[in-house]
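Structure at a glance
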Amino acid sequence: MQKNNLNLTQKYLIKNLLDPQNKSKDLLSKFNGTSQQIKTGMDVYKNAYRLRLIESITSDFQYSIKALGVRKFNSLCLTYIYNQPSEFHDLLDYSHQFPEFLKKNKKLILKTPWIISLLLFERALNLISLGSSKSNSKSNSILETSQIQLKSSAQLLTSTYDLNKAISHQRIKALPKIKTYYRISKSGSKIYFPKISKAEYLILKKLESKHSISELSHSISSKTLNHLSGWFSDWIKEGVIEIVSDPRI
Amino acid sequence: MKKPAVEKLLAAEKQNSVTTVPYLGVGVGLRRPYFSQFESQVPKVVHWVEVIAENYTPLKDGTLKKNRIEKLLKVREQVPVVLHSVSLSLGSTQKIDLQFLNHYKLLIDIIKPPWISDHLCFTNHHGIESHDLLPLPYTKESLNTFVNKIDFLQSKFKVPFLVENVSSYLEFKDSEMEEWDFINQILKKSGCGLLLDINNVYVSSINHGFSAKHFLEKINKHSIAQIHLAGHYNRGDILIDTHAESICDDVWTLYQDFIKTNGSFNTMIERDDQFPPWSEIELDLKKVEKILKNAKK
């Protein structure tokens, strides 16, 4: 048997795995079975590779998917997977490199440059949910490069009456006295003015001045943090906040 | 050349690593959907759990997954926790990733598993991770590669080490022996234990047209320290090892017959996707418990 045959076999299998098409013509010389059987077998590995990596990325960036749309997000994922193979034992490490890949390939996100910041924000949330150490200098230095702030066009309001009731009811005789919080914003032609919780209001108040994503994540309680990712996605979609990226990104 | 007495001594030492695996009975692959339940109280039918090691090892930059480990330690207060890795790439012609090995060793030191395991496959080549259990031809070159890697790991980890047979979808023309002979030789030369996955035997037997029963007759029973049971997807033209379906009747029958003939082995059920309510898994575990009770004494 030829020496290093095993090395060549492994090289061959990995090469096939990373090839989105089935271009290899010499499969018949390597494996037993008909060409259809061999193609079927190889496709199982190829599909598993693609799906496993996509699943990992999508499960780590749920709010970015919502903000970008499934089709566009999946297309970016596939470009990532086939251009930058994983070099990590842990899929979490691989999905955490997704924002870095997009930073290096800005032409892929010309119309949605904000997605990098949203991905970085979600990555910070993932790290926090893992209980990762704050003293991790590498991840913090990445997170510090993005800052978020309330858009100048957005407004925060408090009222001693439940204004939603006032809007949704006709011929109101009396409104109960209750302290309520609102945010008002515009995205495209649509105006948003939902009633919000005090916790959300207080965070948005904080964002009247610029804050880094990591600062914000670390300054709030874990209970609020659970809501933050959902809020963040809404804030982006409804034009409440803007992301100011470091010029180096 | 080594003297026969030295060979014997080395073989005996290697055998020790297999026999130190304790018999714990029924276990389950502990995955996220069932975690909170286990944290507060591990169900009575479960005597040990197995987790995927890479879900708990530090990230590449050394970041610890503290929350996950704390939760796992709460489970370990109640039952032993076995670490099952998927990326040691035992069949790889490349050197083992020492950074990952150190991370894994750190986890072993924290969790103190009664044994650890990985697969008879390769997952990495020239730094690229496939995140899949890729097959290799059953050749002498593959055999030596596996044995060298396992020897190195056993010396590094000092915890009983098991290797698992994988399911495969391709059959190499280069193969010089049958899968069971190949596995038996690895077990003999390395002294490690076998994690026998009966579903994997079944999936490969249908995909490549051999008898699963014959495989189970030929495999070295003395090296078996654990059994995996899981479900697969029957696509019609091929069986795919998904761990997303219930265990099929044929696999149950193979398991039952195997236990009846060969005695009890640590057995656990793996489910990695499309998680059913816990009660469904529990029914299967009780079935395993019953089969083990009726095992050959």
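Residues numbered from 1 in each chain as written. Chains lettered and ligands numbered in written order. Predicted model: local features only at pLDDT ≥ 70, side-chain atom pairs only at ≥ 80, totals over all residues. Heavy atoms only, no water.

1. Some remarks on the side chain of S205 of chain B
The test is simple: Secondary structure counts use DSSP, requiring at least four H or I residues in a row for a helix and at least two E residues in a row for a strand, with both numbered from the N terminus. What makes two residues a contact is simply this: any of their non-hydrogen atoms within 4.5 Å.
Within the secondary structure, S205 of chain B sits in helix α7 (residues 198-208). Leave out the neighbours within four places in its chain, and S205 of chain B touches F210, S211 and A212 of chain B.

2. Quick word on the packing of α7 of chain B against helix α9 (residues 249-262) of chain B
Describing two packed helices takes the angle between their axes plus the distance from one axis to the other. Residues and elements named next belong to chain B. To keep things clear, this is the line we draw: Lines are fitted to the C-alpha atoms to define the axes, a helix being fitted only along its stretch in contact, and any angle between axes, read from their N-to-C directions, falls within 0 to 180 degrees. Here the word oblique covers every angle except those under 35 degrees (roughly parallel), over 145 (roughly antiparallel) and from 65 to 115 (roughly perpendicular). Take the far helix as your reference; a near helix turned counterclockwise from it by less than a right angle gives a left-handed crossing, and one turned clockwise gives a right-handed crossing.
Viewed as axis vectors pointing N to C, α7 and α9 meet at an angle of 120 degrees, and their least axial separation amounts to 10 Å. With respect to α9, the element α7 is oriented oblique. In this structure, α7 meets α9 at a crossing whose hand is right-handed. Between α7, through I198, N199 and Y202, and α9, the contact on the second element is made entirely by D250, V251, L254 and Y255.

3. Here we look at α9 of chain B
Residue and element names in this part refer to chain B. Formally: Multiplying 1.5 Å by the helix residue count minus one yields the expected span of that helix. To sort residues, take the accessible area from a 1.4 Å probe on protein chains only and compare it with the maximum for the residue type: under 20% means buried, over 50% means exposed, and anything in between is partly exposed. The directions considered for the arc run from the helix axis to the C-beta atoms.
Over its 14 residues, α9 runs 20 Å from end to end, which matches the ideal 20 Å to within 8%, given 1.5 Å per residue. Where α9 is concerned, the buried positions are V251, W252, L254, Y255, F258 and I259. For α9, the angular spread of buried residues about the axis comes to 160 degrees, placing them on one side. Counted as exposed and oriented over 90 degrees from the buried face of α9: D249 and K260. Contacts from the buried residues of α9 go to β8 (193-197), α7, α8 (212-218), β9 (224-229), β12 (266-269) and α10 (278-293).

4. Brief notes about the pairing of strand β2 (residues 48-52) of chain B
Residues and elements named next belong to chain B. Here is the rule: Any two strands with at least two DSSP bridges between them are considered paired. The definition of a right-handed crossover adopted here requires that, viewed with the strands pointing away, the path from the first strand over the helix to the second runs clockwise.
Of all 5 residues making up β2, 5 are buried, and the element is well covered by its neighbours. Every second residue of β2 is oriented toward a common face, with W48, E50 and I52 on one face and V49 and V51 on the other, all of them buried. Across 3 bridges, the pairing between strand β1 (residues 26-29) and β2 is parallel. Counterpart to G27 in the pairing with β2 is W48. This β-α-β element, β1 to helix α2 (residues 35-40) to β2, shows right-handed connectivity. With 4 bridges joining them, β2 and strand β3 (residues 81-84) adopt parallel strand pairing.

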